[in-house]
Amino acid sequence: MWFEHPRNTSAPLAGLKVLELARVLAGPWTGQMLADLGADVIKVESPEGDGTRHWGPPWFEREGADGETEREAAYYHACNRGKRSITADFRDADQLSMVRELSAGADVVIENFLPGKLAQFALDYGSAAGVNPGVIYCSITGFGQDGPRAHEPGYDFVIQAMCGFMSLNGKPDGDPMKFGVSISDLACALYAANAVQSALLMRHRTGKGQHIDMSLLDCSVALLANQATSYFATGQSPPRMGNAHAQVSAYGVFPTKDGPVVLAPANDNLFSKLLRLLERDDLLADARFTTNEARIANRTELDTMIATETASWERENLLRQCAKAGVPAGPINTVAEALVDPQVTARAMQVELGGVSGLRSPFTFSDAELALDSPSPKKGEHNPQ
């Protein structure tokens, strides 16, 4: 059984059937990306609904599936666009049977239950693959399917603390800090969507489905990137550096008359361009600053010199001149300012569907379109009648 639901046939994943047994952020964000790419995503919620429907304020208000005005948290709408919603109580035999039938007809199943939890309902990978051998079954958990913490719930804040992010984020003399968005959840979702599509390509080649084991902690550790290789090279944990860059100087936040800017001259050529722009050509041959290694060794002195120069500029004028000279630079925007930045608006990142504003997935294709055709579903909006 699969409820037919035609979508934009020019979208890359048109025709793909995805069953989402997930809630909160990482799993739903994965499903939303696949929905934006054209997949038909059926979100299965408990009778109470995804908990993020109540994570407000702020709220959006609209008419519910029963005709009454409902308010739902903006958080829920951030990660559930383009899906259909059915409710199911797994303790009810008929409703559980419906979900199993959907699983049997799905190309992809996304779930974020604790390991082993779905086996009691015959909705685990082994049960699903037994009747649907081609299914791509993606499990998203805090710690993965094995290891000493596998059966513990995973929360983004905890993962950010455990993976090393917080030790890197914040002022050097301040407390460790988390990111302003749930970066561990979001990174896991990005990796998961990539893994799902890779497994689909492999299925095309082999005819076989498979189980994908995605862990928030794994994905966050993977994002340590150059900071991890710095540790491998030195044996020392990288320190918090605020807005400074561990491997590049001068690179940071600098003052102007009417607000700070970010300057990012990340190589010798760009650094030379910045010095000429600031009319500090005298520093071009200064041995303290001629190489990046030397600039790092003299970072404090260099940053002070540059800050003295930028402080005499109007912000917009400095940014214009940097753009003209080819020096990477930008304003420090608030969220409101970022969303009306001319470059952001030119790329049409904001979408409005059913009176709810959101941000599209950031894919732009030469010969395909995103399926931005419906807002987040109302709870149980697509329950079979």
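What you see is a predicted model, and the numbers here were worked out from it, not measured in a lab.

Basis of the calculations
Residues numbered from 1 in each chain as written. Predicted model: local features only at pLDDT ≥ 70, side-chain atom pairs only at ≥ 80, totals over all residues. Heavy atoms only, no water. Pairing = 2+ DSSP bridges. Helix = DSSP H or I, 4+ residues; strand = E, 2+ residues; numbered from the N terminus. Axes fitted to C-alpha atoms, helices over the stretch in contact; angles between N-to-C directions. Contact = heavy atoms within 4.5 Å. Polar contact = N/O pair within 3.5 Å; in protein donor to acceptor, adjacent residues only side chain to side chain. Expected span 1.5 Å × (residues − 1). Buried < 20%, exposed > 50% of the residue type's maximum accessible area, 1.4 Å probe, protein only. Disulfide = S-S within 2.5 Å. Salt bridge = Lys/Arg side-chain N within 4 Å of Asp/Glu carboxyl O. Parallel < 35°, antiparallel > 145°, perpendicular 65-115°, else oblique. Nonpolar A, V, L, I, M, F, W, Y, C, P; charged D, E, K, R; others polar.

Student: Explain the sheet that holds strand 11 (residues 329–331) to me, and be specific about the residues and the numbers.
Tutor: Spatial ordering of the open sheet is given by 9-10-11, a layout of three strands whose pairing is antiparallel. With partners counted over all chains shown, the strands left at the sheet margins are strand 9 (252–254) and strand 11, one partner each. Pairwise comparison of adjacent strand axes, ignoring direction, gives a mean angle of 30° for this sheet. Pairing of strand 10 (residues 261–263) with strand 11 involves three bridges; the strand directions are antiparallel. When the bridges of strand 11 are listed, V262 appears paired with G330. Helix 12 (residues 299–310) contacts strand 9 and strand 10 of the sheet and is inclined by roughly 40° relative to strand 9.

Student: I'd like a description of the environment of H211, backed by residues and values.
Tutor: Note that H211 resides in strand 8 (residues 210–215). Sequence spacing of H211 and T141 is 70 residues, and the spatial spacing of their C-alpha atoms is 13 Å. In this structure, H211 is in contact with Y125, Y137, S139 and Q145, ignoring residues within four places of it in sequence. In terms of polar contacts, H211 uses its side chain to reach the side chain of S139, at 2.8 Å.

Student: So what's going on with helix 12? Which residues, and what values?
Tutor: Its 12 residues place the ends of helix 12 16 Å apart at the C-alpha level, agreeing with the 16 Å of an ideal helix rising 1.5 Å per residue. Within helix 12, burial applies to R299, L302, M305, I306, A307 and T310. In the core, the buried residues of helix 12 are packed alongside strand 9, strand 10, helix 10 (268–277), helix 11 (292–297) and helix 13 (315–325).

Student: Can you tell me about the state of the cysteines, naming the residues and giving the values?
Tutor: Scanning all chains against the criterion turns up zero disulfides. Just so you know, C163 is unpaired, no disulfide at all, and the nearest cysteine sulfur is the one on C219, 11 Å from it. On the accessibility criterion, C163 (5% relative accessible area) is buried. Here C188 stays unpaired: no disulfide links it, and the sulfur of C219, its closest cysteine neighbor, is 3.8 Å away.

Student: Go over unusual backbone geometry, please, and point to the residues and values.
Tutor: The omega angle of the peptide bond from G56 to P57 is 0°, so this bond is cis rather than trans. In this chain, S249 is followed by A250 through a cis amide linkage whose omega measures 0°. Within the fold, A250 resides in the loop between helix 9 (225–234) and strand 9. Here V24, not a glycine, exhibits a phi torsion of approximately 70°, which is positive. Relative to the assigned elements, V24 resides in the loop between strand 1 (17–21) and helix 1 (26–36). In the Ramachandran plot, A348 falls in the positive-phi region, its phi being about 55° despite a non-glycine side chain. The residue A348 is located in the loop between helix 15 (342–346) and strand 12 (350–353) in this model.

Student: Before we move on, could you go through the pattern of salt bridges and cite the residues and values that matter?
Tutor: Scanning all chains against the criterion turns up 17 salt bridges. Residue D89 pairs with R91 through a salt bridge whose shortest N-O separation is 3.0 Å.

Student: Which residues make up the packing of helix 5 (residues 156–163) against helix 7 (residues 183–206), and what values do they have?
Tutor: Contact pair helix 5 / helix 7: the axes reach a minimum separation of 7 Å and the direction vectors enclose 90°. Between helix 5 and helix 7, the crossing angle belongs to the class labelled roughly perpendicular. For the pair helix 5 and helix 7, contact is made by D156, I159 and Q160 and by I183, S184 and D185, respectively. Within the contact of helix 5 with helix 7, the residues separate by chemical class into two nonpolar, two polar and two charged.

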